[in-house]
Amino acid sequence: MNTVAPAHTPAATRSDADGTAVASFIIGLLGTFVLNAVFGPLAIILGCVSLTRATRRRGRALLGITLGVADVAILATLIATHHSISWTPGF
């Protein structure tokens, strides 16, 4: 008779996926302002991971992916216009 509970129960995996979805959203939001070269791809990866783990916070995961893509687009625009990954206001 096996009395040991499995290490990864579906409830624990879903809870982890919910946290990953929220982390994707927060990191994607931060990436629009700072370190978008790092935070953008990280938000995309975390959002995809949370969707594959069947998160209950699907909207936040999708928003994190969207913000991650926006971060990468901002980075591409900065590189194309300023020829660097940093920018300063043009006052």
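Residues numbered from 1 in each chain as written. Predicted model: local features only at pLDDT ≥ 70, side-chain atom pairs only at ≥ 80, totals over all residues. Heavy atoms only, no water.

*Asks:* Help me out: how do you make sense of the pattern of salt bridges in this one?
*Replies:* Pairing of side chains with opposite charge becomes possible as their charged atoms draw close. Following the criterion strictly, the structure yields one salt bridge and no others. With a closest N to O distance of 2.9 Å, Arg56 and Asp18 form a salt bridge. Taken together, the positions of Arg56 in the loop between helix H2 (36-52) and helix H3 (58-82) and Asp18 in helix H1 (residues 10-31) put the pair 38 residues apart, joining distant regions of the chain. Assessed through its relative accessible area of 8%, Asp18 is described here as buried. (Salt bridge = Lys/Arg side-chain N within 4 Å of Asp/Glu carboxyl O. Helix = DSSP H or I, 4+ residues; strand = E, 2+ residues; numbered from the N terminus. Buried < 20%, exposed > 50% of the residue type's maximum accessible area, 1.4 Å probe, protein only.)

*Asks:* I'm lost on the packing of H2 against H3 in this one. Help?
*Replies:* Two numbers describe a pair of packed helices, the interaxial angle and the distance between the axes. For the pair H2 and H3, the least separation of the axes is 8 Å and the interaxial angle reads 155 degrees. The pairing of H2 with H3 is recorded here as roughly antiparallel in orientation. Judged by the sense of rotation from one axis to the other, the crossing of H2 with H3 is left-handed. Residues Asn36, Ala37, Phe39, Gly40, Pro41, Ala43, Ile44, Gly47, Cys48, Ser50 and Leu51 of H2 lie in contact with H3, whose contacting residues are Arg58, Ala61, Leu62, Gly64, Ile65, Gly68, Val69, Asp71, Val72, Ile74, Leu75 and Leu78. Counted by class, the contact of H2 with H3 contains 15 nonpolar, six polar and two charged residues. (Axes fitted to C-alpha atoms, helices over the stretch in contact; angles between N-to-C directions. Parallel < 35°, antiparallel > 145°, perpendicular 65-115°, else oblique. Left-handed = near helix turned anticlockwise from the far one by under 90°. Contact = heavy atoms within 4.5 Å. Nonpolar A, V, L, I, M, F, W, Y, C, P; charged D, E, K, R; others polar.)

*Asks:* Looking at this structure, how should I read H3?
*Replies:* Residues spaced three or four apart along an α-helix point in a common direction, a consequence of the helix completing one turn every 3.6 residues. Along its 25 residues, H3 runs 36 Å from first to last C-alpha, staying within 8% of the 36 Å computed at 1.5 Å per residue. Of all the residues in H3, the buried ones are Ala61, Gly64, Ile65, Leu67, Gly68, Asp71, Leu75 and Leu78. At the C-terminal side of H3, His83 shows a positive phi close to 55 degrees. (Expected span 1.5 Å × (residues − 1).)

*Asks:* What is the right way to look at the side chain of Ser24 in this model?
*Replies:* In this structure, Ser24 sits in helix H1. For Ser24, a relative accessible area of 0% puts it in the buried group. Within polar-contact distance, the side chain of Ser24 engages the backbone oxygen of Ala43 at 2.8 Å. In this view, Ser24 contacts Ala43, Leu46, Gly47, Ala61, Gly64 and Ile65; residues no more than four positions away in its chain are not counted. (Polar contact = N/O pair within 3.5 Å; in protein donor to acceptor, adjacent residues only side chain to side chain.)

*Asks:* Sorry if this is basic, but what is going on with unusual backbone geometry here?
*Replies:* One non-glycine residue, Leu35, lies in positive phi territory at about 50 degrees. Note on placement: Leu35 falls in the loop between H1 and H2. Residue classification places Leu35 among the exposed residues on the basis of a relative accessible area of 55%. One non-glycine residue with positive phi stands out, namely Ala54, at about 60 degrees. On the basis of relative accessible area, Ala54 is assigned to the partly exposed category, the value being 39%.

*Asks:* Got a minute to help me understand the confidence of the model for the protein chain in this structure?
*Replies:* Low pLDDT marks stretches whose predicted atomic positions should not be read closely. Of the residues in the protein chain, 76% have a pLDDT of 70 or more, and the chain-wide mean is 82. The lowest-confidence element of the protein chain is H1, averaging 82 in pLDDT; the highest-confidence one is H2, averaging 92. (pLDDT = per-residue confidence, 0-100.)

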